Amino acid sequence: MKFNWTLIFILLISLFPSRVMAADGVIKVETPPYCLYAFGYKDLTELEHALLIGAKKAAIDQIFGEFLMASTAVKNSVITDDQIHLSSIGYIHLENQQYIKGDEFAQVCINIQAYVTDKDKEKFALERIEKKNDCILGENLTTKQLKAYAKDELIVRALIDYNPKLKGKDKDNLLKLMQKVDLSGSSIDPDSGKFCATLVGYIVPVEIEAFLVTDTSTSSAEESSTEEAAKNPYNDEFDGPVLNKNCTWLHEDSSRWSLKTVPGKLQIIATGGDFAWQCTNFQNLLLQPAPSGDYELETRVFIRPTQNYQQGGLIIWNDPDNWVKVDVEWNNALMNSGNPSGEGIALVAEQNAKFVLEGSNSLLRYRKLNSDGLFLKISKNGDLYEGSYSPDGKTWTRLGSISVPAFANPQVGIIALGGVTSINNPPNCPYNAPDIPVDFDYFHVTSPDLDKKEIKN
């Protein structure tokens, strides 16, 4: 392959800083240079990505090495070291990165200054989970056999309660994810074959995440789940190498989104730009045709905005002048209302290039954000659109509702935007906020009539 001198020259003379506000209680690390030869990479983006991934793996070893040695149990069995490294990359936050020339010909290196938060560190420590007073039926088993069978079943149930994505996975592999298992308060009814007990065990969250990303086992329950997914062509768990076939990008920049950077999540690098206020310099809206009738959109988004209108969330889209969205964002209006920062959730809509709410651009609520992400939901009921949010995906808080007449050609999807600093020069409104990563765990659509209809083309 011919050596790309332009690529190496650009890389060696450039700096690519990425600044993130670090919170108290973080662990910081500066890794030794990580180096690669520039041969074989098709472009600058591919080489940058490979260097950054390698450096982040080195940072994981430095920061999480002792956690991995002390708490992980299933490496080299169900999960390998490399799989854990790949699943952990999203916990490495960059303060700075610098590309430099290596000591050898055509060698390029990267230095990074990185940190992790207390929440990130918890992913590598043992976490207690419990299944209270649950009963298992086991017919035609001896007492000893019933107890062993019930223990395994309770472990599987506890793991699925912890993360529903584990449903349908191979039972033997799931059992290896649980440590220090204890049964208490047990009782047996020999006549009915019922065993009841409270189970307590410990898991390592990063092992669960690594297992979900890399497990390829198939069971009848998983096949059933796949059949259900076939009935819902909108959903995407972002666990595979490609997006849902019905998805299309609007204003795509392929170098700024990935399903590999954070395994199990779609990452979009939010750059400056917006579609509000008649601006049209946005990028990377992921859309697909909306269902007929009423429906509900849901996602889990991870974002740490620090500047005005940096945002990520859900959208119902007709065109740049007609849309409804629920997002996590930074909005200076929240600080102007006396809140300690601009972090919060917003429900916003435009109709014919004008905001729907009189006297305000959006329904806003302050919320301090963290690395756990936030669950978002839009519910469409006729012309009424309701926004909700949740810290755990179970207990939801209503943000408010907006009435918007029906769109002619609605689409549904997700957004990640950097916002603009001025609305005085549409459509290319200026901006100066730095790029930030926005990660999405999944995208779900539910509708009463979804199983009766096919996706519109």
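Residues numbered from 1 in each chain as written. Predicted model: local features only at pLDDT ≥ 70, side-chain atom pairs only at ≥ 80, totals over all residues. Heavy atoms only, no water.

## A closer look at the pattern of salt bridges
Alright, step 1. Counted according to the given criterion, the structure contains twelve salt bridges.
Alright, step 2. The closest approach of N and O atoms between arginine 128 and glutamate 130, which form a salt bridge, is 3.5 Å.
Alright, step 3. Residues arginine 256 and aspartate 253 are paired through a salt bridge, measuring 3.4 Å at the closest nitrogen-oxygen approach.
Alright, step 4. Under the relative-accessibility criterion, arginine 256 is labelled partly exposed at 23%.
Alright, step 5. Several salt bridges converge on common partners, so that one network encompasses Lys131, Asp134, Arg157 and Asp161. (Salt bridge = Lys/Arg side-chain N within 4 Å of Asp/Glu carboxyl O. Buried < 20%, exposed > 50% of the residue type's maximum accessible area, 1.4 Å probe, protein only.)

## Structural notes on the state of the cysteines
Alright, step 1. A complete count under the given rule lists two disulfides for this structure.
Alright, step 2. Residue cysteine 35 pairs covalently with cysteine 109 via a disulfide, S to S 1.9 Å. Note on the cysteine 35 and cysteine 109 pair: the S-S dihedral is about 100°, so by sign convention the disulfide is right-handed. Residue cysteine 35 is found in strand 2 (residues 34-37), and its partner cysteine 109 is found in strand 4 (residues 107-116); the two are separated by 74 residues along the sequence.
Alright, step 3. When its relative accessible area of 28% is taken as the criterion, cysteine 35 is described as partly exposed.
Alright, step 4. Shown here is the disulfide that connects cysteine 135 with cysteine 196, its sulfur atoms set 1.9 Å apart. Between cysteine 135 and cysteine 196, the S-S dihedral sits near 105°, and the bridge is therefore right-handed. One end of the pair, cysteine 135, is in strand 5 (residues 127-137); the other, cysteine 196, is in strand 7 (residues 194-203), and 61 residues separate them in sequence.
Alright, step 5. For cysteine 135, a relative accessible area of 29% gives the class partly exposed.
Alright, step 6. Taking relative accessible area as the criterion, cysteine 196 reaches 15% and is therefore assigned buried. (Disulfide = S-S within 2.5 Å. Helix = DSSP H or I, 4+ residues; strand = E, 2+ residues; numbered from the N terminus.)

## Here's the deal with helix 5 (residues 143-162)
Alright, step 1. In this model helix 5 runs 28 Å from its N-terminal to its C-terminal C-alpha over 20 residues, within 8% of the 28 Å that 1.5 Å per residue would give.
Alright, step 2. Taken together, the buried positions of helix 5 are Leu146, Ala150, Glu153, Leu154, Ile155, Val156, Ala158 and Leu159. (Expected span 1.5 Å × (residues − 1).)

## Things to note about the sheet that holds strand 6 (residues 179-189)
Alright, step 1. Strand order in the open sheet made by the three strands is 5-7-6, with antiparallel pairing throughout. The open sheet has two edge strands, strand 5 and strand 6, and neither has a second partner. Ignoring strand direction, the axes of neighbouring strands in this sheet form an average angle of 15°.
Alright, step 2. Examined bridge by bridge, strand 5 and strand 7 share nine bridges and lie antiparallel to one another. Its bridge partner lying in strand 7, isoleucine 129 is registered against glycine 201. (Pairing = 2+ DSSP bridges. Axes fitted to C-alpha atoms, helices over the stretch in contact; angles between N-to-C directions.)

Purely spatial values, then, with no claim about function.
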